[in-house]
Amino acid sequence: MTNTDIALAIRIDDISLLEAVFQAQKPVSDDAKVAMLINNPENTFTVDDESHRLILRSVVTVRYELGKDAGGEKSNPDSLFGMTLGIVASAPAMGEAAVTARHMAGSDDAKARRDNKMAHALRLEAIKAGHSFASAKLAELSALSPSPKVLLPAIDADELLRDLEKREIDLQEKE
């Protein structure tokens, strides 16, 4: 964490399970491949003037496959887990009077740069919360399955979000 990090001020207000899929067709073999995809297709930022908070309403999807053909276009995995989550995260809104550090001064608008950092940090926390929730739910569901216990692999949420943001920028440039 840096001295400009706002992660400690972020609060996860709500996590809603919108959809869940868990299929274990047969016990997973020892040489099974793993395929996992995490996406963040929807994000809506608003400011609540009453509580003075910046609010992110986000959708996070997690898909996880185990099997010899996991992740392929025509995959028929031995085990499939999918989850769609609605996540609400918030942080204190910084008004016009918020002090901007000298190192942030420059040719770009400091307020816009600060707002972009806030939006990035809120999305990052939503992705981390979505992965954590999905990981716990998969452990719970796999404990009830005849297959061995299955856990989601750890993620580098920072790198994942950078990739998602890069893809979003590339799509906007193509349009």
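Residues numbered from 1 in each chain as written. Predicted model: local features only at pLDDT ≥ 70, side-chain atom pairs only at ≥ 80, totals over all residues. Heavy atoms only, no water.

A.B. asks: I'd like to hear about the overall build of the protein chain, residue by residue, with values.
C.D. replies: When helices and strands are tallied, the protein chain shows two helices and four strands. Order of helices (α) and strands (β) in the protein chain, N terminus to C terminus: β-β-β-β-α-α. Considering the protein chain as a whole, with its 175 residues, one finds that 34% of them fall into the buried category. The contacts in the protein chain between residues at least 6 apart in sequence include a share of 72% that link residues at least 24 apart. Total accessible area on the protein chain stands at roughly 10,900 Å², and carbon and sulfur atoms take up 51% of it. (Helix = DSSP H or I, 4+ residues; strand = E, 2+ residues; numbered from the N terminus. Buried < 20%, exposed > 50% of the residue type's maximum accessible area, 1.4 Å probe, protein only. Contact = heavy atoms within 4.5 Å. Areas by Shrake-Rupley, 256 points an atom, 1.4 Å probe, with all protein chains shown as cover.)

A.B. asks: Can you break down the confidence of the model for the protein chain residue by residue, with the values?
C.D. replies: Averaged over every residue, the pLDDT of the protein chain is 81; the share at 70 or more is 79%. Counted against residues more than four places away or in other chains, residues 97-105, with its pLDDT under 50, gives seven contacts. (pLDDT = per-residue confidence, 0-100.)

A.B. asks: Help me get a handle on the packing of helix α1 (residues 110-143) against helix α2 (residues 157-174), residues and values and all.
C.D. replies: With their axes 10 Å apart at the nearest point, α1 and α2 run at an angle of 120° to one another. Looking at the two axes, α1 sits oblique to α2. When the axes of α1 and α2 are compared, the crossing they make is right-handed. When α1 is examined against α2, the residues H120, R123, L124, I127 and K128 are found in contact with a partner set consisting of A157, D158, L160, L161, L164, E165 and E168. Class assignment of the residues belonging to the contact of α1 with α2 gives a composition of six nonpolar, one polar and five charged. (Axes fitted to C-alpha atoms, helices over the stretch in contact; angles between N-to-C directions. Parallel < 35°, antiparallel > 145°, perpendicular 65-115°, else oblique. Left-handed = near helix turned anticlockwise from the far one by under 90°. Nonpolar A, V, L, I, M, F, W, Y, C, P; charged D, E, K, R; others polar.)

A.B. asks: Explain α2 to me, and be specific about the residues and the numbers.
C.D. replies: Count 3.6 residues to each turn of an α-helix, and residues three or four apart come out pointing the same way. The end-to-end C-alpha distance of α2, which contains 18 residues, comes to 26 Å, matching closely the 26 Å that a straight helix rising 1.5 Å per residue would cover. Along α2, the residues that are buried comprise A157, L160, L161 and L164. Summarising the axial view, the buried residues of α2 lie within an arc of 95°, below the 170-degree limit, and thus occupy one face. Away from its buried face by more than 90 degrees, α2 exposes K166, E173 and K174. (Expected span 1.5 Å × (residues − 1). Arc of directions from axis to C-beta.)

A.B. asks: How would you summarise unusual backbone geometry if you had to cite specific residues and measurements?
C.D. replies: Even without glycine at this site, H52 takes up a positive phi of about 55°. With respect to the helices, strands and loops of the structure, H52 is situated in the loop between β2 (33-48) and β3 (53-67).

A.B. asks: Can you tell me about the pattern of salt bridges, naming the residues and giving the values?
C.D. replies: Tallied over the entire structure, the rule returns seven salt bridges. The shortest N-O distance in the salt bridge between E140 and K137 comes to 3.5 Å. Of this pair, E140 and K137 both sit in helix α1, three residues apart, which is roughly one turn of that helix. In this structure, the salt-bridge partner of K166 is D170, at a minimum N-O distance of 3.3 Å. Of this pair, K166 and D170 both sit in helix α2, four residues apart, which is roughly one turn of that helix. (Salt bridge = Lys/Arg side-chain N within 4 Å of Asp/Glu carboxyl O.)

A.B. asks: Go over the nonpolar core, please, and point to the residues and values.
C.D. replies: By size, the foremost hydrophobic cluster in this structure holds 29 residues, and its most contacted members are Y64 and L122. Of all the secondary structure elements, the ones that give two or more residues to this core are β3, β4 (79-92), α1 and α2. Here this core takes nine residues from α1, the largest share from any one element. (Core = buried A, V, L, I, M, F, W, Y, C linked by side-chain atoms within 4.5 Å.)

A.B. asks: I'd like a description of the sheet that holds β3, backed by residues and values.
C.D. replies: Strand order in the open sheet formed by four strands is β1-β4-β3-β2, with antiparallel pairing between adjacent strands. Unpaired on one side and paired on the other, β1 (11-24) and β2 mark the two borders of the sheet. Looking at each pair of strands side by side, their axes are set apart by 10° on average, direction ignored. Here β1 runs beside β4; their pairing, made up of 12 bridges, is antiparallel. Across the sheet, V21 pairs through a bridge with G82, a residue of β4. (Pairing = 2+ DSSP bridges.)

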